[in-house]
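# Examining the three-dimensional arrangement
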Amino acid sequence: MSRSYSNLLELASGESPSFSRMSRRIPRIMTVAGIISDVDDDNPSEGSCSDPSSSSTQRDRIIIVANQLPIRAQRKSDSNGIGWIFNWDENSLLLQLKDGLGDNDTEFIYVGCLKEDVHPSEQDEVSQMLLENFRCVPTFLPHDLFSRYYHGFCKQQLWPLFHYMLPLSPDLGGRFNRSLWQAYVSVNKIFADRIMEVINPEDDFVWVHDYHLMVLPTFLRKRFNRVKLGFFLHSPFPSSEIYKTLPIREELLRALLNSDLIGFHTFDYARHFLSCCSRMLGLTYESKRGYIGLDYYGRTVSIKILPVGIHMGQLQSVLSLPETHAKVAELIKQFCGQGRIMLLGVDDMDIFKGISLKLLAMEQLLVQHPEYQGKVVLVQIANPARGKGKDVKEVQAETYSTVKRINEAFGRPGYEPVVLIDQPLKFYERIAYYVVAECCLVTAVRDGMNLIPYEYIISRQGNEKLDEVFGLEPSTPKKSMLVVSEFIGCSPSLSGAIRVNPWNIDAVADAMDCALEMPEGEKQLRHEKHYKYVSTHHVGYWARSFLQDLERTCRDHSRRRCWGIGFGLSFRVVALDLNFRKLVMEHIVSAYKRTTMRAILLDYDGTLMPQGSIDKKPTQKSVEILNSLCRDKNNMVFIVSARTRETLAEWFAPCRRLGIAAEHGYFLRMNRDAEWETCVPVAECSWKQIAEPVMNLYTETTDGSTIENKETALVWSYEDADPDFGSCQAKELLDHLESVLANEPVTVKSGQNTVEVKPQGVSKGIVAKRLLSAMQERGMTPDFVLCIGDDRSDEDMFEVITSSVANSSIAPNAEVFACTVCRKPSKAKYYLDDTAEIVRLMQGLASVSELSEPA
């Protein structure tokens, strides 16, 4: 059991910490509300560590967390007083994913808000009723807090921005409001407190849904370092140019990265998120065996790309209802019976659904094709908007006025070209419109997914009873037509639809005409293709795929040591190999004092000198520390760098006894008075005449990139270029150079913002071997080896020194310290956080040497 978890148990029980009690198991449902939620989240987490523990790999319970519970609540009044009636909301995706999975062995618990306000005096009773009867944990929020959180931050700030609306003026989306952001964070913390009351953190999976709860992963990860946590974003994720305008951009990114798995509907949304992580946090991602992953402080955060589907069972059951058949017959009589062709739009009445653009396209169609007047009808079902505000009223006013204008211009007795339905319809009524419509139009200017086209396709497939209503033979091929916006999440999966730019009114009108005039056979083929996809990629397929990936991502939790670091929303968990630990000053100083023959190998850039430093020359303090270490006759100290020998010789001229290895070890000298040697046979550099023109080409086309021409190597650096473009160009350059230099005795390698060409066989590992061999030949077999480096090239040194005990190049009982910079996957067994810690460590060792010098 994790240490953080056991501490919470002790707090809940009121007892003092005791190892004898750490094996106790939390009840499946905690009935003491409010105890755990009182844990102070503002306490610093630096240095806290949860030890690895065994956990069950069987997935037996999933906690689904969303803004709203899948519950319909209705207040009742009777002679016994006031009470409530609760029912499942069959239209809720959260309930549909459970039914779609069809897994009776898995227990689902829901955490979220109710749509209705519950008086504080009734909340305990309602909570107990929902937990016992529905396995739901309601989150009760004060009305003012909910309004600032939902209608304020979610709907006026996050929602517009995620749909590409910048707050250029107070009227265009909400300007950032710090108090609304604080309300958002507060609500997310309240959700975390409610989850704490029911979670079994070693076994349960937590699946958080949508942008309302984007900082919740941080609160959960802070409580339980190994919580199995997935997040799915149901809205678009904007491009980095839009997203980076958000004042709390990094806080949201870091919060999401506290999940184990982050899901998106489309590759575009995932690509935008990854680009934001790269540009704002400096993170890189890679694809391994088809899975995209981000390395975040030793944790792999997986990215899932899969659009949600519909609940096939629910839709087919509604298609079989007698009232659906009756409504279909009524609509056939109303439209088909009078020779009318129905086009259908179903949208929320908000600014991003493009209702007015659809109406303008309908107007254009009637103008360009008078033959459709009196024949084609657009039925627009307008659902109530989910948000509030001036923009909703403006959309309503524009919609009503446009409908009125079109009907006055093209209507006639018994015919209205546009039928606007702005009253809520029952689900079966909406399905009936799908069944009768010849074409479905979705012209949203931005939408996360939009399942209307999927529902339309399944409805048009129908069933035998509906075939009877239409007077069709059961074997009659079905047909459907879709005109969909390029800017909605379902568009990439509907390859048979006519895709349009909704802003181009002429193009939308032409698409409507194309859909009406398309041959029957082609309509049937397109429908068949869509039906095959939608019927197999349903909500159960989506949920099962997501949960399988979440389980796969969380498998190595128990094989990692975890630390929580950072304050507030900057909190994150560092996960490292069980044998990987911080190099403690006391430990290495003790080993340093005990030993008599020491080898010290130090990288320069990123180790003794910060990577971001403008002036790369060593400080006077660094030179003095190196000199102190070199004066100790028991030490052999080496700087091993990728820099040129001229640069290193100039910078470290004051260090007479310091050994230097330049250009990754190609050149080497044992001290300032020694001659330069080469670790490999002298290379002939005619290959530069081939490589340099290629690098020049990429330098000219990549602003911010440079070339460094060393004696034996060429380095192309894109440190100051656009990170995405630079990385893309680096991959192209790597392939290009490998191709043109295939027959040359060189290797082409990518590094941290670099692509380097150097002679074969040159590596920092060669330097480590050379130094240890030289010391052994002189009868100075080292019993202390310290090697510190920060990047990929230093891994070769780590590998050599960690394996040196086995091949007898150092003393059998030698103290070996391979140390990398920052906590990250490495062949080293130790780490230090930054260059400042390294300098302090070296200063500590130098002080020991100075004290041991004879007076």
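The rules we used
- Residues numbered from 1 in each chain as written.
- Predicted model: local features only at pLDDT ≥ 70, side-chain atom pairs only at ≥ 80, totals over all residues.
- Heavy atoms only, no water.
- Helix = DSSP H or I, 4+ residues; strand = E, 2+ residues; numbered from the N terminus.
- Buried < 20%, exposed > 50% of the residue type's maximum accessible area, 1.4 Å probe, protein only.
- Areas by Shrake-Rupley, 256 points an atom, 1.4 Å probe, with all protein chains shown as cover.
- Lys, Arg positive; Asp, Glu negative; His and termini not counted.
- Charge placed at Lys NZ, Arg CZ, Asp CG, Glu CD.
- Salt bridge = Lys/Arg side-chain N within 4 Å of Asp/Glu carboxyl O.
- Phe/Tyr/Trp six-rings, centres within 6.5 Å; stacked < 30°, edge-to-face > 60°.
- Pairing = 2+ DSSP bridges.
- Axes fitted to C-alpha atoms, helices over the stretch in contact; angles between N-to-C directions.
- Contact = heavy atoms within 4.5 Å.
- Left-handed = near helix turned anticlockwise from the far one by under 90°.
- Nonpolar A, V, L, I, M, F, W, Y, C, P; charged D, E, K, R; others polar.
- Core = buried A, V, L, I, M, F, W, Y, C linked by side-chain atoms within 4.5 Å.
- Parallel < 35°, antiparallel > 145°, perpendicular 65-115°, else oblique.
- Right-handed = clockwise from strand over helix to strand, strands pointing away.
- pLDDT = per-residue confidence, 0-100.
- Expected span 1.5 Å × (residues − 1).
- Polar contact = N/O pair within 3.5 Å; in protein donor to acceptor, adjacent residues only side chain to side chain.

Now for the overall build of the chain. When helices and strands are counted, the chain shows 27 helices and 33 strands. Projected onto its principal axes, the C-alpha positions of the chain cover 110 × 70 × 50 Å. Counting across all 855 residues of the chain, residues that qualify as buried make up 55%. Of the accessible surface of the chain, which amounts to about 36800 Å², a share of 49% is contributed by carbon and sulfur atoms. With 96 positive and 111 negative side-chain charges, the chain shows a spacing of 3 Å between the two charge centroids.

Attention now moves to the pattern of salt bridges. Considering all chains together, one arrives at 45 salt bridges under this definition. In this structure, K288 and E286 form a salt bridge, with 3.4 Å as the shortest nitrogen-oxygen distance. Note on K288: relative accessible area 54%, which makes it exposed. Judged by its relative accessible area of 47%, E286 falls in the partly exposed class. For K327, the salt bridge goes to E330, with nearest N and O atoms at 3.4 Å. A residue pair is termed a helical-turn pair when its members lie 3 or 4 positions apart in one helix, as K327 and E330 do in helix α11 (residues 322-334) at 3 residues. You can call K327 buried: its relative accessible area is 13%. Overall, E330 belongs to the partly exposed group, its relative accessible area being 43%. Members of the salt-bridge network, linked through shared partners, are E438, R460, K479, E520 and K523.

To continue, consider the packing of aromatic side chains. Aromatic ring pairs are defined here through the distance separating the ring centres and the angle between the ring planes. Scanning the model with the defined rule gives 32 aromatic pairs in all. The interplanar angle of 80° and the centroid separation of 5.2 Å between the aromatic rings of W88 and F134 together place this pair among those described as edge-to-face. Taken together, the residues span a long stretch of sequence, with W88 in strand β4 (residues 81-88) and F134 in helix α3 (residues 120-134) at a distance of 46 residues. Overall, the relative accessible area of 23% leaves W88 in the partly exposed class.

Next up on the list: the sheet that holds strand β28 (residues 714-717). Taken in spatial order, the 4 strands make up an open sheet running β27-β28-β30-β29, and their pairing is antiparallel. Two strands lie at the open edges of the sheet, namely β27 (706-709) and β29 (746-751), each paired on one side alone. Between one strand axis and the next, the sheet turns through 15° on average, direction left out of account. Across 4 bridges, β28 lies against strand β30 (residues 754-759) in antiparallel orientation.

The next subject is the environment of V484. Structurally, the position occupied by V484 is in strand β17 (residues 482-485). Once the C-alpha coordinates of V484 and V442 are considered, the two residues, 42 residues apart in sequence, prove to be 4.7 Å apart. In this view, V484 contacts V442, P453, S491, A497, I498, R499 and V500; residues no more than four positions away in its chain are not counted.

Here the focus is the packing of helix α20 (residues 585-594) against helix α27 (residues 835-852). Running from N to C, α20 and α27 point in directions that differ by 30°, and their axes come no closer than 10 Å. Between α20 and α27 lies a crossing of right-handed hand. Between α20 and α27, the contacting residues are M585, I588, V589, Y592 and K593 on the first element and R840, L841, G844, L845, V848 and S849 on the second. Per-class residue counts for the contact of α20 with α27 are 7 nonpolar, 2 polar and 2 charged.

By secondary structure assignment, the location of S491 is in the loop between β17 and β18 (498-500). Judged by its relative accessible area of 3%, S491 falls in the buried class. Filtering out sequence-adjacent residues up to four positions away, S491 remains in contact with V484, S485, E486 and R499.

Pairing analysis gives 4 bridges linking strand β10 (residues 285-288) to strand β11 (residues 291-296), with the strands arranged antiparallel. Counted as the bridge partner of E286 is G293 from β11.

Our next topic: the nonpolar core. Ranked by size, the top nonpolar core spans 179 residues in total, and within it V65, Y184, F237, L252, L257 and F273 carry the most contacts. It is helix α5 (residues 178-196) that provides the largest number of residues to this core, a total of 10 residues. In this structure F237 touches F162, Y164, Y243, L253, F264, Y269, H272, F273 and C276, once residues within four positions along its chain are discounted. L583, Y604, V637 and L658 belong to the second-largest nonpolar core, a separate cluster that totals 43 residues.

All right, on to the environment of F667 then. Locating F667 in the fold gives a position in strand β25 (residues 667-669). Considering only alpha carbons, one finds F667 and T712, 45 residues apart in sequence, at a separation of 9.4 Å. Setting aside residues no more than four positions away along its own chain, F667 makes contact with R645, I660, A661, A662, W676, E677, T678, E711 and T712.

Moving on, we get to helix α26 (residues 795-802). Among all positions of α26, only E795, M797, F798, V800 and I801 are buried. Those residues of α26 hidden inside the fold are in contact with β22 (598-602), β23 (635-640), α25 (764-777), β31 (784-789) and β32 (815-821).

Remark: helix α2 (residues 93-101) packs on helix α19 (residues 539-553), axes separated minimally by 8 Å, with the N-to-C direction vectors making an angle of 85°. In terms of axis orientation, α2 runs roughly perpendicular to α19. When α2 is examined against α19, the residues L93, Q96, L97, G100 and L101 are found in contact with a partner set consisting of V539, G540, W542, A543, R544 and L547. A class-by-class count of the residues in the contact of α2 with α19 yields 7 nonpolar, 3 polar and 1 charged.

As a further point, take the sheet that holds β25. Adjacent strands of a sheet form backbone hydrogen bonds with each other and so pair up, either parallel or antiparallel. Strand order in the open sheet made by the 9 strands is β21-β33-β32-β31-β22-β23-β24-β25-β26, with mixed pairing throughout. With one partner strand each, in any of the chains shown, β21 (581-582) and β26 (677-678) form the two edges of the open sheet. When β32 meets strand β33 (residues 830-832), the two strands line up parallel, connected through 3 bridges. Residue pairing across strands places T820 opposite Y831, the latter belonging to β33. Where α20 meets the sheet, it contacts β22, β23, β31, β32 and β33, and its direction lies at approximately 145° from that of β32.

Peptide bonds are, in most cases, trans, and in most cases residues other than glycine have a negative phi. Non-glycine residue H664 carries a positive phi angle of around 60°. Within the secondary structure layout, H664 lies in the loop between β24 (659-662) and β25. By relative accessible area, H664 is classed as buried at 6%. For N753, which is not a glycine, the phi torsion comes out positive at approximately 60°. Here N753 is to be found in the loop between β29 and β30.

What follows covers the pairing of strand β15 (residues 418-421). Here 4 bridges tie strand β14 (residues 376-383) to β15, and the two strands are oriented parallel to one another. Opposite I381, over in β15, you have I421 as the bridge partner. At this point the chain moves from β14, through helix α13 (residues 390-410), to the parallel β15, and the crossover so formed is right-handed.

Let us look at the confidence of the model for the chain. Caution applies to low-pLDDT regions: their predicted coordinates should not be interpreted in detail. Confidence in the prediction for the chain averages 88 pLDDT; 92% of positions are at 70 or higher. Throughout residues 1-57 the model reports pLDDT below 50, and contacts reaching past four residues in sequence, or to other chains, amount to 107 contacts.

Time to look at helix α12 (residues 355-368). With 14 residues, α12 extends 20 Å from end C-alpha to end C-alpha; this agrees with the ideal 20 Å at 1.5 Å per step. When we look at burial in α12, the residues that qualify are I355, S356, L357, K358, L359, A361, M362, E363, L365 and L366. Those residues of α12 that are buried are in contact with β13 (341-348), β14, α13, β15, β16 (439-442) and α17 (505-517).

Relative to the elements of secondary structure, N450 occurs in the loop between β16 and α15 (452-461). For N450, the side chain forms a polar contact with the side chain of D447, separated by 3.0 Å. There is a polar contact of 3.1 Å between the side chain of N450 and the backbone nitrogen of I452. Setting aside residues no more than four positions away along its own chain, N450 makes contact with V442, I488 and C490.

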